[in-house]
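Understanding the architecture of this molecule
Chain by chain, the residues run as shown.
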Amino acid sequence: MPDPRPHLGEPLALDLLNTRWIEHGPQDLLTDVAGLRIWLDSVGLATRAQADAATLAAVRTARAAIADVVTRASHDGLNDVLAHGRIRRTLTESGPADVADVPERIWLPGWLAADNLLDLLRAAPDRIRQCAHPQCVLFFYDTSKNGTRRWHSMATCGNRTKAARHYAKKE
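Every value quoted in this text rests on a predicted model; they were computed, and no experiment measured them. Along each chain, numbering runs from 1 in the same order as the chain's sequence is written. Totals for whole chains, interfaces and linings use every residue, but because this is a predicted model, local features are given only for residues with pLDDT of at least 70 and side-chain atom pairs only at 80 or more, for both listing and counting. Side-chain figures throughout are based on the complete set of non-hydrogen atoms in the structure, without hydrogens or water.

**Comments concerning the overall build of the protein chain**
The following threshold applies: Note on conventions: DSSP H or I runs of at least 4 residues are helices, E runs of at least 2 residues are strands, and numbering of each starts at the N terminus. Whether a residue is buried, partly exposed or exposed follows from its accessible area with a 1.4 Å probe, protein chains only, as a fraction of its type maximum: under 20%, in between, or over 50%, in that order. Residue contacts are counted whenever heavy atoms from the two residues lie within 4.5 Å of one another. Each accessible area is a Shrake-Rupley result for a 1.4 Å probe, and residues are judged covered by the shown protein chains and nothing else.
In terms of helices and strands, the protein chain carries six helices and six strands. Reading the protein chain from its N end, one meets helices and strands in the order α-β-β-α-α-α-β-β-α-β-β-α. Relative to its full complement of 171 residues, the protein chain shows a buried share of 40%. In the protein chain, the proportion of contacts linking residues at least 24 apart, taken out of those at least 6 apart, comes to 47%. Looking at the protein chain as shown, the accessible area adds up to about 9800 Å², and 52% of this sits on carbon and sulfur atoms.

**A few points about the side chain of T55**
Operational definition: Definition of a polar contact: a pair of N or O atoms within 3.5 Å, with one able to donate and the other able to accept a hydrogen when the atoms are protein atoms, and with sequence-neighbouring residues admitted only if both atoms are side-chain atoms.
Here T55 shows up in helix α3 (residues 53–72). Among the polar contacts listed, one links the side chain of T55 to the backbone oxygen of Q50, at a separation of 3.0 Å. With residues near it in sequence (within four places) discarded, T55 still touches L36, Q50, I106 and P109.

**Thoughts on the side chain of E10**
Here E10 lies in the segment before α1 (12–17). Polar side-chain contacts of E10 include one of 2.8 Å to the side chain of H7. At 2.8 Å, the side chain of E10 and the backbone nitrogen of Y141 are in polar contact. The contact partners of E10, leaving out residues within four places of it in the chain, are D15, N18, F139, F140, Y141 and R149.

**As for α3**
Rules: Helices are assigned an expected span. That span is 1.5 Å times one less than the residue count.
Between its first and last C-alpha, α3 extends 28 Å over 20 residues, near the 28 Å set by a 1.5 Å rise per residue. Turning to α3, its buried residues number three or more, namely T55, L56, A58, V59, A62, R63, A65, I66, A67 and V69. In this structure, the buried residues of α3 make contact with α1, β1 (20–22), β2 (26–28), α2 (33–42), α4 (76–82) and α5 (108–123). A73 lies just past α3 and shows a positive phi near 55°.

**Here's the deal with the packing of α2 against α3**
Applicable threshold: Axes here refer to lines fitted to C-alpha atoms; in helices the fit is confined to the stretch in contact. Angles between the N-to-C directions go from 0 to 180 degrees. Any angle that is under 35 degrees is reported as roughly parallel, and any over 145 degrees as roughly antiparallel; angles of 65 to 115 degrees are reported as roughly perpendicular and all others as oblique. Each helix crossing is assigned a hand: it is left-handed if the near helix lies turned anticlockwise from the far helix by less than a right angle, otherwise right-handed if that turn is clockwise.
Taken N-terminus to C-terminus, the directions of α2 and α3 make an angle of 70°; their axes are 9 Å apart at the nearest point. Comparing the axis directions of α2 and α3 gives the class roughly perpendicular. The two elements α2 and α3 cross, and the hand of that crossing is left-handed. Here V33, L36 and W39 of α2 come into contact with α3, specifically with A53, T55, L56 and V59.

**Things to note about the pattern of salt bridges**
What counts, and what does not: Any Lys or Arg side-chain nitrogen located within 4 Å of an Asp or Glu carboxyl oxygen qualifies as a salt bridge.
Inspection of every chain in the model, using the stated rule, returns 10 salt bridges. One salt bridge in this structure joins R60 and D28, with 3.6 Å as the shortest N-O distance. Here D28 lies in strand β2 and R60 lies in helix α3, a separation of 32 residues in the sequence. Residue D142 pairs with R129 through a salt bridge whose shortest N-O separation is 2.4 Å. A residue pair is termed long-range when its members are at least 10 positions apart, and D142 in the loop between β6 (139–141) and α6 (154–170) and R129 in strand β5 (residues 128–130) qualify at 13 residues.

**Here we look at the pairing of strand β3 (residues 86–92)**
Put simply, the rule reads: A strand pair is defined by DSSP finding two or more bridges across the two strands.
Relative to strand β4 (residues 95–101), β3 runs antiparallel, the two sharing seven bridges. Considered in β4, the bridge of T92 is made with G95.

Laid out in structure tokens, this is it:
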């Protein structure tokens, strides 16, 4: 089954947040193992993680922790998720490498998303944004040159906002 979400392609941490969206009411891809399987496949983790109830619970825990950091600047939950793994430095045939070492495989997808959030926060925390449309709950990483992107998608939320503003002026 294809990924039903309206916005794909964000960094892993924000992609995990975007497993909840609003389209004809609130939607949540991670309500069951089938949805987890879709998400794992969509983000390229299907071969590294098993889609089962335990992994689903761990991924949902990671999603809540990432949401807490992004929306409330609360970091305790994220640190709890990160405690399930570490980066192991190693030398490989192709040179130095940093390898995710997550002993409990159920935590791998959520841990990778939490680790990705650290990378985003380190690089440009002000570029992590929630869509400015009042009825949208999606997040994006602003990669625009001047850092002024406001919507997860200009084609959907941006157009809706501009159309509403236009019609309000005509009344």
